[in-house]
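# Summary of structural features
Residue strings, one per chain:
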Amino acid sequence: MKGVVKLAVVLAVAASCFGCKAFRTLGEQRINAQGAPYELIVVCDQPEWQGALGDTLRSILTEPVAGLNQREPLFDVLRVQERGFTGLVADHRNILKIRIDPSLPEVTTGVEYDVTARPQIVLTTAGPDDRSLVEYISKNRENLVHALEQAERDRAVEANSKFYNTGIDAAVRKTFGVGIKVPKGYVLAKQEDDFLWA
């Protein structure tokens, strides 16, 4: 009899867990994107990466950031081949896929967000051959960099809107009548009637 009661209790607990919305939607939720800010996965096969196409991509994506007193690339570029684009690599925050398909009449670029993780941007540039891809990427370099940088800025804004120093925000509102989301980690060092220093 005790065994039947124990079994009934276990089944009732299991039924309530699986009936709960949290358990039903767990599989539907996106995981957090992998990688550091301004880190970029480029999915490109070896022959293209070692040729003019790879040289063009590296010259654009690792161009030094203007205005810094030492050389810092725009992006930390990590290259993988298509067969290595699985698991955590596919869950990276910034992805650029390069595809060659001779059946395509011209080069196209598609942008997708939050494909396997969140927040994530996946740019796919496909064209009929290396030469057309090199021309297209060279011509549209500003658009490529802008899309990736905008995704990074959007992530920073979203994070700061959730996790910010509420004390500094309150002091700025009281002093100047506007709100500002200062990241956590800053302290209010000085406050006067018309001056704040965080």
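Residues numbered from 1 in each chain as written. Predicted model: local features only at pLDDT ≥ 70, side-chain atom pairs only at ≥ 80, totals over all residues. Heavy atoms only, no water.

Looking now at the environment of A171. Following the sequence through the fold, A171 ends up in helix α8 (residues 166-176). Residue A171 is classed as buried on the basis of its relative accessible area of 8%. Residues A171 and L188, 17 residues apart in the sequence, show an inter-C-alpha distance of 8.6 Å. Those residues in contact with A171 that sit more than four places away from it in its chain are L188, Q191 and L196. (Helix = DSSP H or I, 4+ residues; strand = E, 2+ residues; numbered from the N terminus. Buried < 20%, exposed > 50% of the residue type's maximum accessible area, 1.4 Å probe, protein only. Contact = heavy atoms within 4.5 Å.)

Turning to the packing of helix α4 (residues 52-61) against helix α7 (residues 141-162), a few remarks are in order. It is at 10 Å that the axes of α4 and α7 come closest, and there the two elements cross at 55°. One element, α4, and the other, α7, form an angle in the oblique class. Taken as a pair, α4 and α7 cross one another with a handedness that is right-handed. Of the residues in α7, those in contact with S59, I60 and L61 of α4 are R141, L144, V145 and L148. Looking at side-chain class alone, the contact of α4 with α7 contains five nonpolar, one polar and one charged residues. (Axes fitted to C-alpha atoms, helices over the stretch in contact; angles between N-to-C directions. Parallel < 35°, antiparallel > 145°, perpendicular 65-115°, else oblique. Left-handed = near helix turned anticlockwise from the far one by under 90°. Nonpolar A, V, L, I, M, F, W, Y, C, P; charged D, E, K, R; others polar.)

The subject of this paragraph is α7. An α-helical turn contains 3.6 residues, so any two residues separated by three or four positions project in the same direction. A rise of 1.5 Å per residue sets the reference length of α7, with its 22 residues, at 32 Å; its end C-alpha atoms lie 32 Å apart and thus fit the reference within 8%. The complete set of buried residues in α7 reads L144, V145, A147, L148, A151, E152 and R155. Buried residues of α7, viewed axially, fall in a sector of 165°; they line one side. In α7, the exposed positions that point more than 90 degrees away from the buried face belong to E142, N143 and V157. Contact partners of the buried residues in α7: β2 (39-43), α4, β4 (94-100), β7 (121-127) and α6 (130-139). (Expected span 1.5 Å × (residues − 1). Arc of directions from axis to C-beta.)

Among the residues making up α8, those that are buried are I168, D169, A171 and V172. Take α8 and look down its axis: the buried residues cluster within an arc of 165°, on one side only. α8 presents T166 and K174 as exposed residues on the side facing more than 90 degrees away from its buried surface. The N-cap of α8, judged by a side-chain oxygen 3.0 Å from the amide nitrogen of G167 a few residues on, is N165. At the C-terminal side of α8, G177 shows a positive phi close to 80°. (Polar contact = N/O pair within 3.5 Å; in protein donor to acceptor, adjacent residues only side chain to side chain.)

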